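Coordinate inspection notes
What follows is the residue order along each chain.
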Amino acid sequence: MEISKRLLLKSHLKERPRDEKKLGFGDIFTDHMFKMDYYDGAWRLPRIEPNSPLSLSPAAMVLHYSQTIFEGLKCYRHPDGRLALFRPRENFKRFNQSARRMCIPQVDEAFMLQALKELLRVDGDWTPSAPGSSLYVRPTIIATEPHLGVRPSKEYLLFVILSPVGAYYKEGFGPIKIHVEGFYTRSAPGGLGSVKAGASYAGSLLATDQAARKGFSQLLWLDSQEHRFVEEVGSMNMFFVIDGKIVTPKLGGTILPGVTRFSVLDVAGDLGLEVQERNLDIREIIEAQNSGRLNEAFGSGTAAIISPVGTLSYDGNEFTVSDGQVGPITQKLYDELVGIQYGHRPDKRGWVEYLD
Ligand code: COI
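Notes on the structure in this doc start here. Since the model is a prediction, treat every value here as computed from it, not as a measurement.

Some remarks on the packing of helix α6 (residues 259-270) against helix α8 (residues 328-341)
Where α6 contacts α8, the two axes come as close as 10 Å, and the packing angle between them is 115°. One way to sum up the angle between α6 and α8 is to call them roughly perpendicular. Classified by chirality, the crossing of α8 by α6 is right-handed. In this structure, α6 uses Thr260, Ser263, Val264, Val267 and Ala268 to contact α8, whose residues at the interface are Leu333, Glu336, Leu337 and Ile340.

Now the structure itself:
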């Protein structure tokens, strides 16, 4: 499919961020966006247009029944100035998995990558170069058909927007505080936990907001049936280092299969670290902490990269992990992964995809 372009004149372009070192997460958007419509049974009219507000019927199904999915990936500026995407094919694969679960039509993954590269040829020079910064890519699909009966929409809008970002958490790579949620749950077997549906993020807001008021950056969700097994953090998959071994909850339909999670597992293996993917009881973590065997805890995600956890709160008690410092294994994994993403370390597995 031919991608048509209606680009802004140079005189209408937005002002660029003044200080790349002060970039936050997801507040600034580039000049253009990619769009494509679905109607009469096919994706049509792929185009790059100015990033501008959408016009939707108030009856658009996404507004009523949350039929929407999204992805998150990043474009990095390498030392030679080239723009590099990190494992973008994995994100478009997962986009289709999410689409399937949410009754949204499939997209052509190869075409989506081509469209993203085309958009980056237009707005890629927004990619910042300050350490820790990148251009965050947010592909999204929303159900646009004006209809109030509950069924899958027959019309959709797919768009991709770009946002120059710095660290996801205000702590940057500093240790964050996490509350283990003992009442609310994020997902249940057969639910939406393993796909990127807007609805599962909406469902997490109340408990996360309550924890934020108590000074916690994020919530660690437990399983919905026994409130015992560690799941994920919502914006991150979780890892614990117990007795020197890296342990992470195994995927089972209630946890997001994070691209960064898979990358951490591979990098850990390459570094000769032992990794276990298995059910992980919160009581095992607390016992390990109390007996001095919990060495480190960290989360991984596209937005958050690798974030050390310095404090865990569970059942009214607060525990300081790794003396509230960044642990050596967390640091090692961070250095290696970020080194590959930013082009400072060799990309042995072919994860980096250059624009040209
Ligand atoms: C990401 O890491 O890209 C995510 O989608 C997590 C969050 C910002 C929603």
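Here the narrative resumes, following the displayed structure.
With respect to a nonpolar patch on the surface
Taken together, the side chains of Leu54, Leu56 and Leu63 present a nonpolar region at the surface, about 240 Å² in accessible area. Residue position: Leu63 is located in helix α1 (residues 61-65).

So, helix α3 (residues 109-123)
It helps to recall that an α-helix has 3.6 residues per turn; residues three or four apart then point in one direction. The end-to-end C-alpha separation of α3 is 21 Å, in line with the 21 Å expected for 15 residues at 1.5 Å each. Those residues of α3 lying buried are Phe111, Met112, Leu113, Ala115, Leu116, Lys117, Glu118, Leu119, Leu120 and Asp123. The distance from a side-chain oxygen at the start of α3 to the backbone nitrogen of Ala110 is 3.1 Å, and the residue carrying that oxygen is Asp108.

Describing the environment of Phe70
Along the chain, Phe70 turns up in strand β4 (residues 68-70). Look past the residues within four positions of Phe70 in its chain and what remains in contact with it is Phe95, Arg138, Pro139, Thr140, Lys196, Ala197, Gly198 and Tyr201.

Some remarks on the packing of aromatic side chains
In total, this model carries 13 aromatic pairs according to the counting rule given. Arranged with centres 5.8 Å apart and planes meeting at 70°, the rings of Tyr38 and Tyr156 form a pair that is edge-to-face. Of this pair, Tyr38 sits in strand β2 (residues 32-39) while Tyr156 sits in strand β8 (residues 156-165), and the two are 118 residues apart along the sequence. The residues Tyr38 and Tyr156 share a single accessibility class, namely buried.

Notes on the side chain of Ser217
Examined against the element boundaries, Ser217 turns out to sit in the loop between α5 (205-213) and β10 (218-220). A polar contact is formed between the side chain of Ser217 and the side chain of Glu171, at a distance of 3.0 Å. The residues contacting Ser217, other than those within four sequence positions of it, are Tyr169, Glu171, Ile176 and Lys177.

Cut-offs used in this document
- Residues numbered from 1 in each chain as written.
- Predicted model: local features only at pLDDT ≥ 70, side-chain atom pairs only at ≥ 80, totals over all residues.
- Heavy atoms only, no water.
- Axes fitted to C-alpha atoms, helices over the stretch in contact; angles between N-to-C directions.
- Helix = DSSP H or I, 4+ residues; strand = E, 2+ residues; numbered from the N terminus.
- Parallel < 35°, antiparallel > 145°, perpendicular 65-115°, else oblique.
- Left-handed = near helix turned anticlockwise from the far one by under 90°.
- Contact = heavy atoms within 4.5 Å.
- Patch = residues over 30% accessible without salt bridge, like charges linked within 9 Å, V, L, I, M, F, W, Y side chains within 5 Å.
- Areas by Shrake-Rupley, 256 points an atom, 1.4 Å probe, with all protein chains shown as cover.
- Salt bridge = Lys/Arg side-chain N within 4 Å of Asp/Glu carboxyl O.
- Expected span 1.5 Å × (residues − 1).
- Buried < 20%, exposed > 50% of the residue type's maximum accessible area, 1.4 Å probe, protein only.
- Polar contact = N/O pair within 3.5 Å; in protein donor to acceptor, adjacent residues only side chain to side chain.
- Phe/Tyr/Trp six-rings, centres within 6.5 Å; stacked < 30°, edge-to-face > 60°.

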